[in-house]
Amino acid sequence: MAAYRIACKRNKLVQETQTNCGMSSDPAAEVHSLLSLQNHVLERIFVRLHLTDLARCCQVNKALQSLVQQEGVWQSLCADAFPNFSTAELSKWIIPNPLPESQYSFQSPTQLLSQTSKGPQTYRQLYPVLKQLQTLIGIWWHDKKSDKPALYVFDWGYRCVEGRKLCYDVLGQEPFAEPFQQVGPGLNASVQHVDSMHCLLTVQTSTPRSPITKAVQAATAVAVGGIPIPKREQADAIMGTSPEGSFEFEMQRFMQGHIANKQSKRRRSGHRSSSGTLPVVHTLTRVEKPIPTHRHPLAGLWRSTGMLPTCIMTVRYNFSLRAASIVATQVMNHSSLLHRWAVRAAPIAKPWLPDHVAMLTRQAELSLLSGDFDHLDDDGGTPLPAKEVVQIFQGEVVTSRLAEPTVLPSHLWLYADGTFGVIFDTWDHEVLVNMKRIDEDLHLQ
């Protein structure tokens, strides 16, 4: 009896599906296939397929190929892949196509984009453009050794991806942002991804056109008139004798361009012209920003405060060893105080040792020695109360404060406000480096 009820429910579900899809319930009435479904049903099926499956559907026959290439399918794909964009925002990326649909419907998106430099003209062209630009969204740093660290932040803009450069001063002053580069269709910058962590950003600089000099005008006059010109003044006089619009005037203008091109080719064959410029290539490395959780509160991207050299570090939790640990690594190739530090994830149990309590009493003094003036009042004279330390972790730090990178014992102080400080001894005095999250810097304009 139970099997009969299950069979009845299954048959009823099949009939409802056939009715919704516009198919007949009589098997002898028609042969059911994918093309027998209505267009809006096919669109909902195509949207849930992978691009590889869509390409295979296009290879079945021309009927399926035309259905897959409909604008409604690709508009739905763009909307599902990029939920942050509204329908109106997606439409702003589209440039109206003056050509009829019959001339571009059976071409690949790459071929279509190669025919125009302004941007995508259909949603089928827009989808690979957005997919490529999406990989640029995030935080990067320039693979170039510099004394002043800087981060490059890319985010969506109007019909492009806008880049901002976050500049950090060596002495730990507050960072500032400046425009870096816009990447998108029709712009002079393009991105090429080497792998998931590295990319090449190429910026094509405009090459000024070589002006028509006096020597070119004189050579043109000689070529047109067939007579030697001893002086440039006489060449200018001959150039002005033909009225504009006449055959002689048009011939002189043609010869000017012809001689200028010959001279530029001659310069390129010997050496590069001073007016020509090479494209600027930026090698960028992605900066991963771990997401903090309730169990891993210190995970994230941090930077040092105070007048010490700015240090930007990524903090992660490492569970691969026998004992869990908190590890921080420097994210940029610049000279800084800290290269790497690691502490045990388990804090030191209370009550703390007298040495730890003695270090806590010197917190304000160590902060001032490190140039962290946040511990002073608005007048800059009276020290503020020290931050409350809720936990102490023990570990080691790799520093370049000395002649070469050295491993030194260190402690981590976790403050009540969620920030922390790293304290270590450089044999001559103790150093306290307070850290803060970099999230506020990412919103600088």
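The structure this text deals with has already been given above.
Fair warning: this is a prediction, and the values are worked out from it, not measured in the lab.

Reading guide: rules and limits
Residues numbered from 1 in each chain as written. Predicted model: local features only at pLDDT ≥ 70, side-chain atom pairs only at ≥ 80, totals over all residues. Heavy atoms only, no water. Helix = DSSP H or I, 4+ residues; strand = E, 2+ residues; numbered from the N terminus. Contact = heavy atoms within 4.5 Å. Pairing = 2+ DSSP bridges. Axes fitted to C-alpha atoms, helices over the stretch in contact; angles between N-to-C directions. Core = buried A, V, L, I, M, F, W, Y, C linked by side-chain atoms within 4.5 Å. Buried < 20%, exposed > 50% of the residue type's maximum accessible area, 1.4 Å probe, protein only. Salt bridge = Lys/Arg side-chain N within 4 Å of Asp/Glu carboxyl O. Parallel < 35°, antiparallel > 145°, perpendicular 65-115°, else oblique. Left-handed = near helix turned anticlockwise from the far one by under 90°. Nonpolar A, V, L, I, M, F, W, Y, C, P; charged D, E, K, R; others polar. Phe/Tyr/Trp six-rings, centres within 6.5 Å; stacked < 30°, edge-to-face > 60°.

Trainee: I'm lost on the overall build of the protein chain in this one. Help?
Mentor: A tally of regular secondary structure across the protein chain gives 13 helices and 15 strands. Considering only intrachain contacts with a sequence separation of at least 6, the fraction spanning at least 24 residues in the protein chain is 54%.

Trainee: Honestly, the sheet that holds strand β15 (residues 430–437) in this entry has me stumped. Any pointers?
Mentor: Hydrogen bonds between backbone groups are what pair the strands of a sheet, and the pairing can be parallel or antiparallel. In space, the 8 strands of this closed barrel follow the order β8-β9-β10-β11-β12-β13-β14-β15, with antiparallel pairing throughout. Across the sheet, the mean angle separating the axes of adjacent strands is 30 degrees when strand polarity is ignored. Here strand β9 (residues 312–318) pairs with strand β10 (residues 325–330) via 6 bridges, running antiparallel. Looking across to β10, one finds that Thr 314 is bridged to Thr 329.

Trainee: Just to check I follow, could you spell out the nonpolar core for this structure?
Mentor: Nonpolar side chains in soluble globular proteins tend to end up buried together. Among the nonpolar cores identified, the biggest contains 36 residues, and Phe 46, Leu 136 and Phe 154 are the most heavily contacted of them. When residues of this core are traced back to their parent elements, those giving at least two are α2 (39–47), α3 (51–58), α4 (62–68), α5 (71–81), α8 (123–134), β2 (150–156), β5 (189–193) and β6 (198–203). Tallying contributions element by element places α8 first for this core, with 6 residues. Ignoring any residue separated from it by four or fewer positions in sequence, one finds Phe 46 in contact with Leu 54, Cys 57, Leu 64, Leu 67, Val 68, Val 73 and Leu 77. Val 315, Ile 326, Phe 393 and Val 397 belong to the second-largest nonpolar core, a separate cluster that totals 24 residues.

Trainee: Which parts of the structure should I look at to understand α2?
Mentor: Within an α-helix, residues lying three or four positions from one another point in the same direction, as the helix has 3.6 residues per turn. Those residues of α2 that fall on the buried side of the exposure criterion are Val 41, Leu 42, Phe 46 and Val 47. Structurally, α2 contributes buried residues whose contacts are with α3, α4 and α5.

Trainee: Hey, could you run me through the pattern of salt bridges in this one?
Mentor: Throughout the structure, instances matching the rule amount to 7 salt bridges. Salt-bridge contacts for Asp 439 lead to Lys 289; the nearest nitrogen and oxygen are separated by 3.4 Å. Of this pair, Asp 439 sits in the segment after β15 while Lys 289 sits in the loop between β7 (280–286) and β8 (300–304); the two residues are 150 residues apart in sequence, bridging distant segments of the chain. The partner of Glu 430 in a salt bridge is Arg 362, and the shortest N-O contact between them spans 2.5 Å. Taken together, the residues Glu 430 in strand β15 and Arg 362 in the loop between α12 (354–361) and α13 (363–369) connect sequence positions 68 residues apart. A relative accessible area of 29% means that Arg 362 is categorised as partly exposed.

Trainee: How should the environment of Gln 134 be read in this particular structure?
Mentor: Looking at the element boundaries, Gln 134 is found in helix α8. Under the relative-accessibility criterion, Gln 134 is labelled partly exposed at 33%. In contact with Gln 134, other than residues within four places in its own chain, are Ala 81, Phe 82 and Trp 156.

Trainee: Can you walk me through the packing of α5 against α8 in this structure?
Mentor: When two helices pack together, their arrangement is given by the angle between the helix axes and the distance between those axes. It is the contact of α5 with α8, at a shortest axis distance of 8 Å, that shows an interaxial angle of 20 degrees. On the basis of their axis angle, the class for α5 and α8 is roughly parallel. For the pair α5 and α8, the sense of crossing is left-handed. Of α8, the residues touching α5 (which contributes Glu 71, Trp 74, Gln 75, Leu 77, Cys 78 and Ala 81) are Tyr 123, Arg 124, Leu 126, Tyr 127, Lys 131 and Gln 134. Residues of the contact of α5 with α8, tallied by class, amount to 7 nonpolar, 2 polar and 3 charged.

Trainee: Just checking my understanding: could you explain unusual backbone geometry for this structure?
Mentor: With the exception of glycine, most residues fall at negative phi, and the peptide bonds are largely trans. Cis peptide bonds are those with omega within 30 degrees of zero, and the linkage from Lys 350 to Pro 351 qualifies with 0 degrees. Topologically, Pro 351 is positioned in the loop between β11 (338–344) and α12. Although it is not a glycine, Arg 159 sits at a positive phi angle of roughly 60 degrees. Mapped onto the fold, Arg 159 is located in the loop between β2 and β3 (161–167).

Trainee: Looking at this model, I keep getting lost on the packing of α2 against α5. Mind explaining?
Mentor: One can describe the packing of α2 onto α5 by two numbers: an axis separation of 9 Å at closest approach and a directional angle of 40 degrees. Classified by the angle their axes make, α2 and α5 are oblique. The handedness of the crossing between α2 and α5 is right-handed. Listed contacts from α5 to Glu 43, Phe 46 and Val 47 of α2 are Gly 72, Val 73, Ser 76, Leu 77 and Asp 80. Classifying every residue of the contact of α2 with α5 by side-chain character gives 4 nonpolar, 2 polar and 2 charged.

Trainee: What exactly am I supposed to notice about the packing of aromatic side chains here?
Mentor: Aromatic ring pairs: the centre-centre distance and the angle between the two ring planes describe each pair. One pass over the full model with this rule turns up 11 aromatic pairs. With a centroid separation of 6.3 Å and an interplanar angle of 85 degrees, the aromatic rings of Phe 85 and Trp 93 are classed as edge-to-face. Of the residues examined, Trp 93 reaches a relative accessible area of 2% and is grouped as buried. Put simply, the rings of Phe 82, Phe 85, Trp 93 and Trp 156 touch in pairs and so form one group of aromatic residues.

Trainee: Please explain the sheet that holds strand β1 (residues 138–142) as it appears in this structure.
Mentor: Spatially, the 7 strands line up as an open sheet ordered β4-β3-β2-β1-β7-β6-β5, and their pairing is antiparallel. On the outer flanks of this sheet lie β4 (176–183) and β5, each paired with one strand and no other. Between one strand and the next, the sheet's axes are offset by a mean angle of 30 degrees, whatever the strand orientation. Along the sheet, α8 makes contact with β2, β3, β4 and β5, crossing β2 at roughly 155 degrees.

Trainee: Looking at this model, I keep getting lost on the pairing of β10. Mind explaining?
Mentor: Both faces of the sheet carry side chains from a regular strand, because those side chains alternate between them. Burial analysis of β10 places 5 of its 6 residues in the buried class, the great majority of the element. Linking two consecutive strands that pair antiparallel, namely β9 and β10, is a turn of 6 residues. The pairing of β10 with β11 spans 5 bridges and is antiparallel. Within β11, the position partnered with Ser 325 by the bridge is Arg 344.

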